[in-house]
Amino acid sequence: MNEQNAMKPYVIGLDLGGTNSVFGIVDARGEIKATTAIKTKAYDNEEDYVNASVDALHIIIDQVGGIEKIKAMGIGAPNGNFYTGSIDFAPNLPWAHDHSVPLAKMFSERLGGIPVGLTNDANAAAIGEMTYGVARGMKNFIMITLGTGVGSGIICNGQMVYGSDGLAGELGHVIVRPENGRLCGCGRRGCLETYCSATGVARTAREFLEKSDTPSLLRDMNPEDITSLDVSIAAQKGDKLALEIYEFTGELLGEACANFAAFSSPEAFVFFGGLTKAGDLLMKPLVRSYNEHVLKIFKGKAQFLLSGLDGSSAAVLGASAVGWDL
């Protein structure tokens, strides 16, 4: 550890999700020393969001000795632009869906001028997985996050793919249903995340319930209240309709991954997020569909792995790694 890190031994990592924002104070060994969280969508504008975040942060910053112990902050956020430090038109954030928010600058100003870096939330998860999880030692893999939306982080030859403008890797917004596709928060129709996110699974459940007479435990619920967890619980009980929902979801996701393999030939696809708790309900049809659709030259080469890190740890640790490099 160099002299500066000895004096300032911690960085802050922020996993800014569509539902929750989770903060962690992390040391140089990757140990999360303190955490806190706020609801991302509870605020009408970015000023209120940052103010609430800083109020929550001050409590855990004091627990580790004060702001003078903090070297920097890293943020993983939807549509996070690594080059500019801004969130650009994030469809799932009510206070950032129609404009750019200079979030790194705002946090830096409110935290005494510490350096703050920002990247896409899925990129942060990929960095965390590559450093601490199942992708450790890999130089070519695709991280796919299955939460409120679908995100992705692409590692090629050991480096994150950022593209010319810092916004590369939005595989959740690849169109998988060009005809009569579902409307996405981004304004387009048929995006992968409208089908293969947690919210997408709930939408599929409502569609299947309406179009089918198949008996199902889900019929005992208000359709608008159904979540992906409800579908998973029903499927684990052998519910035929719920199993069909996961077959449909896995089929689409596997076909999409087969297409992704064509441009980066990854050694693994790593899946992270709440939807992965469905386990084999999702992964078996996914892998089967991938093998049916992938080019022969790529068949049998990629592993399909679930994140080796629990909860938001991958994204928090990945975001913190951005902070160490500032």
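Residues numbered from 1 in each chain as written. Predicted model: local features only at pLDDT ≥ 70, side-chain atom pairs only at ≥ 80, totals over all residues. Heavy atoms only, no water.

## Considering the overall build of the protein chain
Piece 1. Across its full length, the protein chain holds ten helices and 13 strands.
Piece 2. The C-alpha radius of gyration computed for the protein chain amounts to 20 Å, which stays within 12% of the reference 20 Å derived for 326 residues, consistent with globular compactness.
Piece 3. Its C-alpha atoms give the protein chain principal-axis dimensions of about 65 × 45 × 35 Å.
Piece 4. Taking all 326 residues of the protein chain together, the buried fraction comes to 55%.
Piece 5. Contacts in the protein chain between residues far apart in sequence, at least 24 positions, make up 62% of those at least 6 positions apart. (Helix = DSSP H or I, 4+ residues; strand = E, 2+ residues; numbered from the N terminus. Rg over C-alpha atoms; globule rule 2.2 N^0.38 Å. Buried < 20%, exposed > 50% of the residue type's maximum accessible area, 1.4 Å probe, protein only. Contact = heavy atoms within 4.5 Å.)

## Considerations on the packing of helix α4 (residues 121-132) against helix α10 (residues 313-324)
Piece 1. Their axes nearest at 6 Å, the elements α4 and α10 cross at an angle of 90°. Between α4 and α10, the angle falls in the class roughly perpendicular. Side by side, α4 and α10 meet where Ala124, Ala125, Ile127, Gly128, Glu129 and Tyr132 of the first sit next to Ala314, Ala315, Leu317, Gly318, Ala319, Ala321 and Val322 of the second. (Axes fitted to C-alpha atoms, helices over the stretch in contact; angles between N-to-C directions. Parallel < 35°, antiparallel > 145°, perpendicular 65-115°, else oblique.)

## Details of the packing of helix α2 (residues 46-63) against helix α3 (residues 103-110)
Piece 1. For the pair α2 and α3, interaxial distance at closest approach is 10 Å and the crossing angle is 45°. The pairing of α2 with α3 is recorded here as oblique in orientation. Pair α2 / α3 crosses with right-handed handedness. Facing Glu46, Glu47, Tyr49, Val50, Asn51, Ser53, Val54 and Leu57 of α2, the residues of α3 in contact are Leu103, Met106, Phe107 and Arg110.
Piece 2. Of the residues assigned to the contact of α2 with α3, the class counts are seven nonpolar, two polar and three charged. (Left-handed = near helix turned anticlockwise from the far one by under 90°. Nonpolar A, V, L, I, M, F, W, Y, C, P; charged D, E, K, R; others polar.)

## Observations regarding the pattern of salt bridges
Piece 1. In total, this model carries five salt bridges according to the counting rule given.
Piece 2. A salt bridge links arginine 29 to aspartate 27; the shortest N-O distance between them is 3.6 Å.
Piece 3. By relative accessible area, arginine 29 is classed as exposed at 64%.
Piece 4. With a closest N to O distance of 3.1 Å, arginine 182 and glutamate 207 form a salt bridge. Residue arginine 182 is found in the loop between β11 (159-160) and α5 (193-196), and its partner glutamate 207 is found in helix α6 (residues 198-211); the two are separated by 25 residues along the sequence.
Piece 5. For glutamate 207, a relative accessible area of 28% corresponds to the partly exposed category. (Salt bridge = Lys/Arg side-chain N within 4 Å of Asp/Glu carboxyl O.)

## Things to note about empty space enclosed by the protein
Piece 1. Across all of its chains, the model carries one cavity of 30 Å³ or more by this definition.
Piece 2. Reported here for the largest cavity is a volume of approximately 30 Å³. (1 Å grid on protein atoms, 1.4 Å probe; cavity = no way out; pocket = protein on both sides within 12 Å on 5 of 7 lines; lining within 4 Å. Points joined across faces, edges and corners; volume = space filled by probe spheres on them.)

## Some remarks on the layout of surface pockets
Piece 1. There is about 160 Å³ of room inside the second largest pocket.
Piece 2. With three residues, α6 is the largest single contributor of residues to the lining of the second largest pocket.
Piece 3. For the lining of the second largest pocket, the per-class residue count stands at two nonpolar, eight polar and three charged.

## Side note on α6
Piece 1. The terminal C-alpha atoms of α6, which comprises 14 residues, lie 20 Å apart, in line with the 20 Å expected from a rise of 1.5 Å per residue.
Piece 2. Where α6 is concerned, the buried positions are Ala198, Gly200, Val201, Ala202, Thr204, Ala205, Phe208 and Leu209. (Expected span 1.5 Å × (residues − 1).)

## Comments concerning the sheet that holds strand β7 (residues 100-101)
Piece 1. In spatial order, the strands read β5-β6-β7; together these three strands make up an open sheet with antiparallel pairing. Either end of the sheet is taken by a strand with one partner, and the two such strands are β5 (80-81) and β7.
Piece 2. Pairing of β5 with strand β6 (residues 86-88), which is carried by two bridges, proceeds in the antiparallel orientation. Looking at the pairing, glycine 80 lines up with isoleucine 87 of β6. (Pairing = 2+ DSSP bridges.)

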